[in-house]
Amino acid sequence: MNAASEFFTIRTPIAYGGAQASTPLAFRWYDKDRVVRGRRLEDHLRFAVCYWHSFCWPGLDPFGGETFLRPWHHGSDAMAQARAKADVAFELFHLLDVPFFAFHDADAAPEGRTLAESVANLNAIADVFEQKMATAKVRLLWGTANLFSHRRYMAGAATNPDPEIFTYAAGQVRAALEVTHRLGGQNYVLWGGREGYETLLNTDIGRELDQLGRFVSLVVEHKHKIGFKGPILIEPKPKEPTKHQYDFDVATCYGFLQRYDLLKDVKLNIEQNHAILAGHSFQHEVALAEALGVFGSLDINRGDDLLGWDTDQFAMNVSELVLVFHEILNRGGFTSGGLNFDAKIRRQSIDPDDLIHAHVGSMDACARAFLAAADMLDAGVLTAPLAERYKGWAGAEGRAILAGQHSLADLADRAMGSGFDPQPRSGRQEYLESLVNRYV
Ligand code: XUL
Ligand code: CO
């Protein structure tokens, strides 16, 4: 079946039409060729469509089954269905004119009766991807292995109490990493899907962390062995599916990478919804990762402030995104990373074209926020007051303290000296908030 060209009602790629565009489907802010701070918008934002939410999730929730009724979910020949799914996926990449996509092994190809059969299926679909990519624009932002859906992984993959499950996971990751490499993937992601616990009554937390450290080290070793140049990315998430996930947040992941000596090869893939589940803001997680030198890529989506689970909605929240892009752009922007739409349309969005509206709307929200962030940086709206606030640390005295040139006694003696009376200064929060509002 090749019904890809009839799946959506749209036939030609969505174009930039400007803020006043009269058609409902046009980019209003995402003018991909516009050069901002020395790079085209497309090269700054590096949008990726994710395979799992857009083509694999059938619209089910814990209370009801599928709502989307995608044709490739109905049929008896699993490989034919996987190929039909790929046809529609590449049609969407084309219509959105996106530079990247991302997938799990299990999204692309059906599971076989043995691991060898699953790997053969994956390689066969990777051949299909490779053929399509030969003429398409789209590239692979990252690949990954699904180490969480199958029942064998119910107690974790790398952190499973059974080393044979660890071994099975190693087999899956080798295949997914090699396929990612073959397709020119720019990163490889490890999300610790069920690397965590339900209860400490049955869990040896220290042992499981050592297992996870060993697993990630094995992936890094193999990446070097096959010459894969991109970074390995781990993805912080505090809970769901397990009660406690070991990759809790950026700070926890940093500690993990440091403990297992992985900081050179591994960076982080940060997701908005995971940040708020961890009780942080998205900006906090990005700013901390940048500050610690582990920022890699973003899974762009949006959680619901009132719901404590991973709703994975499409990001449309311009004012939040402005501050996130301000952090990223201030540090020079993406290198191997990008903006992967780890986002799903709502269960009631059953028209195929809803997939297009979701991506176009979110790409525009990102572009609009990005342009505002660039304007803010050009004008030094936040960077100038920040430099002013810390200017003492840039001076001789501040630098001497940080360089370890003063003992505690030196500083104490100076503080005790006559006339030493430092005064507090305003943090000017409301002033800064109103400055930001001028750009949003
Ligand atoms: C789950 C999640 C995953 C990872 C890839 O919350 O974010 O889709 O991004 O496994
Ligand atoms: Co994600």
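Cut-offs applied
- Residues numbered from 1 in each chain as written.
- Chains lettered and ligands numbered in written order.
- Predicted model: local features only at pLDDT ≥ 70, side-chain atom pairs only at ≥ 80, totals over all residues.
- Heavy atoms only, no water.
- Helix = DSSP H or I, 4+ residues; strand = E, 2+ residues; numbered from the N terminus.
- Areas by Shrake-Rupley, 256 points an atom, 1.4 Å probe, with all protein chains shown as cover.
- UniProt positions renumbered as here; feature names shortened; annotations may be inferred.
- Buried < 20%, exposed > 50% of the residue type's maximum accessible area, 1.4 Å probe, protein only.
- Contact = heavy atoms within 4.5 Å.
- Near = heavy atom within 4 Å.
- Polar contact = N/O pair within 3.5 Å; in protein donor to acceptor, adjacent residues only side chain to side chain.
- Nonpolar A, V, L, I, M, F, W, Y, C, P; charged D, E, K, R; others polar.
- Pairing = 2+ DSSP bridges.
- Axes fitted to C-alpha atoms, helices over the stretch in contact; angles between N-to-C directions.
- Donors = N, O, S within 2.8 Å, 3.2 Å for Na, K, Ca; no water.
- Tetrahedral: all angles 85-135°; square planar, octahedral: opposite > 155°, others 65-115°.
- Parallel < 35°, antiparallel > 145°, perpendicular 65-115°, else oblique.
- Left-handed = near helix turned anticlockwise from the far one by under 90°.
- Domains from an automatic or database assignment.
- Phe/Tyr/Trp six-rings, centres within 6.5 Å; stacked < 30°, edge-to-face > 60°.
- Lys NZ or Arg CZ within 6 Å of the ring centre and 35° of its normal.

Student: For this particular structure, what's the right way to read the overall build of the protein?
Tutor: Helix and strand counts for the protein come out as 18 helices and 12 strands. For the C-alpha atoms alone, the extent of the protein along its principal axes is close to 85 × 60 × 45 Å. Total accessible area computed for the protein in this model is approximately 20700 Å², and 53% of it derives from carbon and sulfur atoms.

Student: Would you take a moment to explain the UniProt feature "active site" (unreviewed entry) in the protein for this structure?
Tutor: The UniProt record annotates "active site" (unreviewed entry) at H104 and D107. Of note, H104 is situated in strand β4 (residues 100–104). The buried category is assigned to H104, whose relative accessible area is 9%. Sequence-distant contacts of H104, defined by excluding residues within four places in its chain, comprise W52, T144, A145, N146 and F148. Here D107 is to be found in helix α5 (residues 105–108). With residues near it in sequence (within four places) discarded, D107 still touches Y51, W52, C56 and K85.

Student: Is there a simple way to explain the site of ligand 1 in this structure?
Tutor: Neighbouring ligand 1 are W52, H104, W191, E235, K237, E271, H274, D299, D310 and D342. Between ligand 1 and E271 there is a distance of 2.8 Å, counted from an oxygen atom to a side-chain nitrogen or oxygen. Within the side chain of D310, a nitrogen or oxygen atom sits 2.9 Å from an oxygen atom of ligand 1. Burial of ligand 1 by the protein amounts to 94% of the accessible area it has alone, namely 290 Å². By residue class, the composition of the shell around ligand 1 is 2 nonpolar, 2 polar and 6 charged.

Student: Help me out: how do you make sense of the sheet that holds strand β10 (residues 266–271) in this one?
Tutor: In sheet architecture, strand pairing relies on hydrogen bonds along the backbone and comes in two forms, parallel and antiparallel. A barrel is described by the order of its strands in space; here 8 strands give the closed sequence β3-β4-β5-β6-β8-β10-β11-β12, paired in parallel fashion. On average, adjacent strands in this sheet sit at an angle of 30 degrees to one another, irrespective of strand direction. In this structure, β10 lies alongside strand β11 (residues 295–299), joined through 4 bridges in parallel fashion. Across the sheet, the residue bridging to I270 is L298, located in β11. Each of β4, β5 (139–144) and β6 (187–190) touches helix α7 (residues 163–182); the most contacted strand, β6, lies at about 155 degrees to it.

Student: Help me out: how do you make sense of the coordination of the cobalt ion (ligand 2) in this one?
Tutor: Reference geometry at the metal: tetrahedral coordination by four donors gives ideal angles of 109.5 degrees; octahedral coordination by six donors gives 90 or 180 degrees. Protein coordination at the cobalt ion (ligand 2) comes from E235 (OE), E271 (OE), D299 (OD) and D342 (OD), with a distance range of 1.9 to 2.1 Å. Around the cobalt ion (ligand 2), the 6 donor atoms are arranged such that angles at the metal cover 80 to 172 degrees; this shape is classified as octahedral. For the cobalt ion (ligand 2), all donor residues lie on one chain, and their spacing in sequence is E-x35-E-x27-D-x42-D. Of this pair, E271 sits in strand β10 while D342 is found in the loop between β12 (339–341) and α13 (352–379), placing the two residues 71 residues apart along the sequence. Of the two residues, E271 and D342, both sit in the buried class.

Student: Explain the packing of helix α12 (residues 318–330) against α13 to me, please; I cannot follow it from the model alone.
Tutor: When two helices pack together, their arrangement is given by the angle between their axes and by how far apart the axes lie. Two elements in contact, α12 and α13, have axes separated by 8 Å at closest approach and are oriented at 55 degrees. Judged by the inter-axis angle, α12 sits oblique to α13. The way α12 lies across α13 gives a crossing that is right-handed. When α12 is examined against α13, the residues V318, L321, V322, F325, H326, L329 and N330 are found in contact with a partner set consisting of A365, C366, R368, A369, F370, A372, A373, A374, M376 and L377. Of the residues assigned to the contact of α12 with α13, the class counts are 14 nonpolar, 2 polar and 1 charged.

Student: Help me out: how do you make sense of the domain arrangement of the protein in this one?
Tutor: A common way to report how large an interface is uses the accessible area buried once the components associate. If you check the domain split of the protein, you get domain 1 (3–369) and domain 2 (385–439). Relative to domain 2, the C-alpha centre of domain 1 lies at a distance of 41 Å.

Student: In this structure, what is going on with the packing of aromatic side chains? I would like to understand it.
Tutor: Aromatic ring pairs are defined here through the distance separating the ring centres and the angle between the ring planes. Per the counting criterion, the structure on display carries 25 aromatic pairs. With 5.2 Å between their ring centres and 90 degrees between their planes, F166 and F215 make a pair best called edge-to-face. One end of the pair, F166, is in helix α7; the other, F215, is in helix α8 (residues 205–226), with 49 residues separating them in the sequence. Here the two residues F166 and F215 agree in accessibility, since each one is buried. Aromatic side chains F325 and F370 sit 5.9 Å apart centroid to centroid with 65 degrees between the ring planes, which places their arrangement in the edge-to-face category. In this pair, F325 is assigned in helix α12 and F370 in helix α13, connecting sequence segments 45 residues apart. Residue F325 shares its accessibility class with F370, and that shared class is buried. Ring-pair connections join several aromatic residues into one group, and the members of that group are Y51, F55, F90, F93, F101, F103 and F129. In this arrangement the basic side chain of K344 is found over the ring face of W57, its NZ or CZ atom lying 4.9 Å from the centre.

Student: Would you mind going over unusual backbone geometry with me for this structure?
Tutor: Across the chain, the bulk of peptide bonds are trans and the bulk of non-glycine residues have phi less than zero. Look at the link from E240 to P241: it is a cis peptide, with omega at 10 degrees. By the secondary structure assignment, P241 is in the loop between β8 (232–234) and β9 (244–245). Positive phi outside glycine occurs at R46, with the angle close to 50 degrees. By the secondary structure assignment, R46 is in the loop between α2 (41–45) and β3 (47–50). Its identity as a non-glycine residue notwithstanding, D261 has a phi of 55 degrees, on the positive side. Of note, D261 is situated in the loop between α9 (250–259) and β10.

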